[in-house]
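Residues per chain are reported as follows:
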Amino acid sequence: AQSVTQLDSQVPVFEEAPVELRCNYSSSVSVYLFWYVQYPNQGLQLLLKYLSGSTLVKGINGFEAEFNKSQTSFHLRKPSVHISDTAEYFCAVSGGGNKLTFGTGTQLKVEL
Amino acid sequence: ETGVTQTPRHLVMGMTNKKSLKCEQHLGHNAMYWYKQSAKKPLELMFVYSLEERVENNSVPSRFSPECPNSSHLFLHLHTLQPEDSALYLCASSQDGSGNYNEQFFGPGTRLTVL
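Residues numbered from 1 in each chain as written. Chains lettered and ligands numbered in written order. Predicted model: local features only at pLDDT ≥ 70, side-chain atom pairs only at ≥ 80, totals over all residues. Heavy atoms only, no water.

## As for the nonpolar core
1) Next: Of all hydrophobic cores here, the largest spans 28 residues; its most connected members are Trp35(A), Leu48(A), Leu76(A) and Tyr89(A).
2) Next: Every element with two or more residues in this core is listed here: β2 (10–14), β3 (19–21), β5 (32–38), β6 (44–50), β8 (64–68), β9 (73–78), β10 (87–94) and β12 (106–111) of chain A.
3) Next: Formed by 22 residues, the second largest nonpolar core is a distinct cluster that contains Val4(B), Leu11(B), Met46(B) and Tyr89(B). (Core = buried A, V, L, I, M, F, W, Y, C linked by side-chain atoms within 4.5 Å. Buried < 20%, exposed > 50% of the residue type's maximum accessible area, 1.4 Å probe, protein only. Helix = DSSP H or I, 4+ residues; strand = E, 2+ residues; numbered from the N terminus.)

## Quick word on the confidence of the model for chain A
Close reading of the predicted structure is inappropriate where its pLDDT is low.
1) Next: Predicted confidence across chain A gives a mean pLDDT of 92, with 100% of residues reaching 70 or more.
2) Next: Highest mean pLDDT in chain A belongs to β3(A) (98); lowest belongs to strand β11 (residues 101–102) of chain A (90). (pLDDT = per-residue confidence, 0-100.)

## Examining the pattern of salt bridges
All names here are of chain A.
1) Next: Scanning all chains against the criterion turns up 6 salt bridges over all chains.
2) Next: Put simply, Glu64 and Lys58 hold a salt bridge, and the shortest N to O gap is 2.8 Å.
3) Next: Looking at Lys58, the relative accessible area reads 62%, which means it is exposed. (Salt bridge = Lys/Arg side-chain N within 4 Å of Asp/Glu carboxyl O.)

## Observations regarding the packing of aromatic side chains
1) Next: Under the counting rule described, the total for this entry stands at 11 aromatic pairs over all chains.
2) Next: Between Tyr25(A) and Phe67(A) the ring centres are 6.2 Å apart and the planes differ by 25°, which places this aromatic pair in the stacked class. Of this pair, Tyr25(A) sits in strand β4 (residues 24–26) while Phe67(A) is found in strand β8, placing the two residues 42 residues apart along the sequence.
3) Next: Its relative accessible area of 11% is what places Phe67(A) among the buried residues.
4) Next: Each ring, one from Tyr50(A) and one from Phe67(A), has its centre 4.3 Å from the other, and the planes form 25°; the classification is stacked. One end of the pair, Tyr50(A), is in strand β6; the other, Phe67(A), is in strand β8, and 17 residues separate them in sequence.
5) Next: In textbook terms, an aromatic cluster arises when at least three aromatic residues are bridged by ring pairs, as seen for Phe34(A), Tyr36(A), Phe102(A), Tyr33(B), Tyr35(B) and Phe106(B). (Phe/Tyr/Trp six-rings, centres within 6.5 Å; stacked < 30°, edge-to-face > 60°.)

Structure (structure tokens):
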């Protein structure tokens, strides 16, 4: 079984500042890891994914994440945020097959 | 239409009503999912269909009844719901199969309010 912990329910940040959204997972098997973004009144959109290979993964909208197996983490980062990045971000893990386990989400609020 | 579509986008119903949510995917996928998203809770997987057969049912009350007539369409039939069933219902699809990493594509959701 897998589980995901997103420690921060809300992260306020000023525009053009860097941000890191934290995600830790637990799994007894090899994992695939994902970050999704949800804008208000919309569904989830895939930001990036880690399947194998390089531990630094680059996604859309300037986001990147680093897979750290020893710390069982997959933190999401952006060096300079924009107002339009205000949204809810979900980390998810899959052990293969058709089940994704999601975290509770982190609300990123970008302020001027 | 592209991606995953859901109708209606908003639905208000009384506890004695019967209604249905519809999902359609235009991605050629063979697996479809229903999720429930409530405030401050993780997404709850409700049902999974693979090749039009239900492969997972996560202890969902019988007042929710899914239907998958073909690989492109998924319905969620609702009857005698409770106010705590008010939530955003999300549909997703993926290309299922052995060894796949299960990247899921989501629709915009139906915001359901039960009065």
